[in-house]
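One letter stands for each residue in the lines below.
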Amino acid sequence: MVCLGCGKEEKPAGGSTETNMEQVKITPDRTSIIKNPLTGWVLYVGRQWNDTFWASQGYDSMPAGDGTVVKVSDYATCAYLRTSWRNLEPTEGNYVWKDANSNFSKLVKTLRDRGLKMSFRIVVDGRDQGLNTPEYVFDAGCSYYTDGSHLTWKCPYPDDPVFQQKYAKMLRAFGEEFNDPDKTEFVDGYGLGLWGEGHTLVYKNNANKASVFDWITDLYLEAFSKIPLVMNYHNTIGDSVNDNKLKSDTEELLDRCVNKGYSLRNDAFGMHTYYTSWHKSYASKWFFKRPIIMEGGFVLNTHRFWIYPEDGYREGHPEDVRKGEYDQSGENHVNMMDFRTNGEVQSWFKDAFDLVNKFIQEGGYRLYPDLISVPVEAVHGAKVTLSHRWINLGWGYCPTNIPQWNQKYKVAFALLDKADGSIVKTFVVEDSDLSQWLQSKPVTYNTELTLNGFPAGQYLWAVGVVDRTKNDAIGINLSVKKDFLTADGWVKIKEVTIKQ
């Protein structure tokens, strides 16, 4: 027999009295852009953008460091919108996602047209941004504070009951629209404090810190039950004092929400001053138990990144920052990296295009079946044992263990009609757990199947990773060359004859 993808002769793996088994070795695709849930590059978009932003930002004709011109959207998995409550609901009950002519709806449509799902953070504090909470909330009696210099930039106290009532109403309505894995990649499930990063909060009563934290995380879990939720693991999370010093209750609060179902993200990758030894330690506690999403900390055109000696970045060398972000992402096994606005996208493609492609090849998860043993001749009704070995080429992991996914992605074998490629029979490998597939640790399964429920005849074996919530359609794209994939994403293995 011939090895699929490599052209070399392979010896049969053995068989039984009822079957003739053969082994196939599959050659992976290690370089192509392969888009999958919760892995890859995140493209940031602005709250005021609409369907014209591709041209205005130059994202459809981005010069790359290798001399080519590329589309940024081809490299991204999803788009991330850091917006404000006021932008989403300018007046009470006036939700912009229900207006097809709003900037928001135009933006969402153009992203979907490019195959990009959305991710969100909703900001309510506007101390240095302007009014981020709708005026109607304050008219209803919500108490507020300002930064002292911009008296019209009202910020709600997060422990105010009017704020909580109005915010919960909006978020539930938002969830009715976007609690859909086909629309939404992940959601930042906090959004309080400066820039929505979860620090430097101002309360009516500081004693309400923990109760506010529980209220808002529970609310997001309710509104987005099907969507991965993420929390910024900041060392002063929820606190009113942001002095970059770990607070005594920080880890307990974070553990509480992670155990409820949250995943992790951090907004200071590449900033060694702010991404401390504690952050590294906290992330390591959840390696391969929860996915980690990064955001780089420096903004090249406003942050003087070279003045921090511990970072080791040279003035005038933005490629140093990109490498610092990349290296720290690898150390923390992140699943997703960021294409931020304000010139960072241009910098990634101009100054570090090699790292853009390297993350596609090495970051997050990249899965394929390495070695498979299937029958090529069998009797209808026979029991056979298929052996299959799986490899993850990425430093992250496929987080099928998070509550929102609840192991919905499973390995499956299919018998395809030789004539038209249609699926005749699907066998789901229920004990497959993709969250256990880690880099440099191949996982092998021996799966017993009974060959019945279909007529005898000539078929083609195929294998894939299906989504159990979508009638076992392919859910994860595997890192296998396109020549060996069906149009639906199944990996073609070997022809088989099933005798009556």
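Starting afresh in each chain, residues are numbered from 1 along the sequence in its written order. Owing to the predicted nature of the model, reporting of local features is limited to residues with pLDDT of at least 70; listing and counting of side-chain atom pairs is limited to 80 or more, with chain, interface and lining totals taken over all residues. Values reported for side chains reflect all heavy atoms of the structure, with hydrogen atoms and water molecules removed beforehand.

### Notes on the pairing of strand 3 (residues 40-45)
Among the 6 residues in strand 3, 6 count as buried, and that is most of the element. A strand pair is defined by DSSP finding two or more bridges across the two strands. Note on conventions: DSSP H or I runs of at least 4 residues are helices, E runs of at least 2 residues are strands, and numbering of each starts at the N terminus. The sheet contact formed by strand 3 and strand 14 (residues 336-339) spans 4 bridges and is parallel. The residue of strand 14 that forms the bridge with Val42 is Asp338. Of the strand pairs in this sheet, strand 3 and strand 6 (residues 76-84) are connected by 5 bridges, and their pairing is parallel. Each residue of the ladder has a partner; that of Leu43, found in strand 6, is Ala79. Only protein chains enter the accessibility calculation, which uses a 1.4 Å probe. A residue is then buried if its area is under 20% of the maximum for its type, exposed if over 50%, and partly exposed in between.

### Quick look at the pattern of salt bridges
Criterion for a salt bridge: a side-chain nitrogen of Lys or Arg within 4 Å of a carboxyl oxygen of Asp or Glu. Under the counting rule described, the total for this entry stands at 44 salt bridges. When the shortest N-O distance is used, the salt bridge between Lys209 and Asp239 registers 2.7 Å. Taken together, the positions of Lys209 in helix 6 (residues 209-223) and Asp239 in the loop between strand 11 (229-232) and helix 7 (250-260) put the pair 30 residues apart, joining distant regions of the chain. Neither residue differs from the other here; Lys209 and Asp239 are each classed as buried. The partner of Asp267 in a salt bridge is Arg265, with the nearest N and O atoms 2.9 Å apart. For Arg265, a relative accessible area of 0% corresponds to the buried category.

### Let's talk about the pairing of strand 11
Alternating positions in strand 11 separate into two faces, Leu229 and Met231 on one and Val230 and Asn232 on the other, with burial throughout. Note: strand 10 (residues 184-188) against strand 11, 2 bridges, orientation parallel. Opposite Asp188, over in strand 11, you have Val230 as the bridge partner. By convention, a crossover is right-handed whenever its connection, traced from the first strand over the helix to the second and viewed with the strands pointing away, goes clockwise. The handedness of the strand 10 to strand 11 crossover, carried by helix 6, is right-handed. Examined bridge by bridge, strand 11 and strand 12 (residues 263-269) share 3 bridges and lie parallel to one another. Note that in strand 12 the partner of Val230 across the bridge is Ser263. You can see the chain leave strand 11, run along helix 7 and come back into strand 12, and the turn it takes is right-handed.

### A closer look at helix 6
One less than the number of residues in a helix, times 1.5 Å, gives the span that helix is expected to have. Its 15 residues place the ends of helix 6 21 Å apart at the C-alpha level, agreeing with the 21 Å of an ideal helix rising 1.5 Å per residue. Among all positions of helix 6, only Lys209, Val212, Phe213, Trp215, Ile216, Thr217, Leu219, Tyr220 and Ala223 are buried. Working rule for contacts: check all heavy atoms of both residues, and any pair within 4.5 Å makes them a contact. Here the buried face of helix 6 lies against strand 7 (117-123), helix 5 (161-178), strand 10, strand 11 and helix 7.

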